[in-house]
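# Remarks on the overall topology
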Amino acid sequence: MTAPTPASPPSAASPATPRNGMYGVLDGMPVRLHRSRGSDYLIAGTTDRWVPAERLQPIQRIRTLGMAFGSPVQVLEWHGDEVEVQLFEYQPWIEEYLGSYDRADGTALVRIPRTALTDIHEDVREYPRARH
């Protein structure tokens, strides 16, 4: 079996680093948030730096999405000429690229050529403020 060919060339404006998760703005700089505790958030990559939600506004949930072989995917990480993506349903072509499929949650992880990825964009959604 041969994997289908992408329908269109990859987007020229692919983000440098895929952003997936919760993000806020602290002192004018975007920061990735690791987890929350009440109305405070732990900034990713720090040791015990909890910041109140009101200092991180706006808080957003961001996912880097695209299309691969006609299927929607979430872009996880760039690896040179390849990209690691997550699919939210089984597709037969993941086997050709030695991907894995988790029947329990219906997701697949696979590394594909960068050229197979199209329509790369960020899905940004406002995250509701914590209620006190």
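For the structure, see preceding data.
Throughout, a residue's number is its position along its own chain's written sequence, starting from 1. In keeping with the model being predicted, local features are shown solely for residues with a pLDDT of at least 70 and side-chain atom pairs are shown and tallied solely at 80 or more, while totals for entire chains, interfaces and linings include all residues. In computing side-chain values, all of the structure's heavy atoms are included and hydrogens and water are not.

### Comments concerning the environment of Leu42
A run of DSSP states H or I qualifies as a helix once it reaches four residues; a run of E qualifies as a strand once it reaches two. Both are numbered from the N-terminal end. Relative to the helices and strands, Leu42 resides in strand E3 (residues 40-43). Here Leu42 is in contact with Arg32, Leu33, His34, Arg35, Asp48, Arg49 and Trp50, once residues within four sequence places are set aside. Note on definitions: a residue-residue contact is assigned when non-hydrogen atoms from the two residues lie within 4.5 Å.

### Comments concerning the environment of Tyr41
Note on placement: Tyr41 falls in strand E3. Once the C-alpha coordinates of Tyr41 and Ala53 are considered, the two residues, 12 residues apart in sequence, prove to be 6.5 Å apart.

### So, the pattern of salt bridges
For this document, the term salt bridge refers to a Lys or Arg side-chain nitrogen within 4 Å of an Asp or Glu carboxyl oxygen. Applying the stated criterion across every chain, the model contains 5 salt bridges. A salt bridge links Arg55 to Asp27, with the shortest nitrogen-to-oxygen separation between them at 3.5 Å. Linking Arg55 in the loop between strand E4 (50-52) and strand E5 (60-68) with Asp27 in the loop between strand E1 (21-26) and strand E2 (29-37), this pair joins segments that are 28 residues apart in sequence. Three labels apply to residues, based on accessible area from a 1.4 Å probe with only protein chains included: buried if under 20% of the type maximum, exposed if over 50%, partly exposed otherwise in between. Judged by its relative accessible area of 41%, Arg55 is partly exposed. Notably, a salt bridge pairs Asp123 with Arg63, separated by 3.9 Å at the nearest N-O pair. Note that Asp123 is positioned in strand E10 (residues 117-126) and Arg63 in strand E5, a separation of 60 residues in sequence. By relative accessible area, Asp123 is classed as buried at 17%. According to the relative accessible area criterion, Arg63 is partly exposed, its value standing at 30%.

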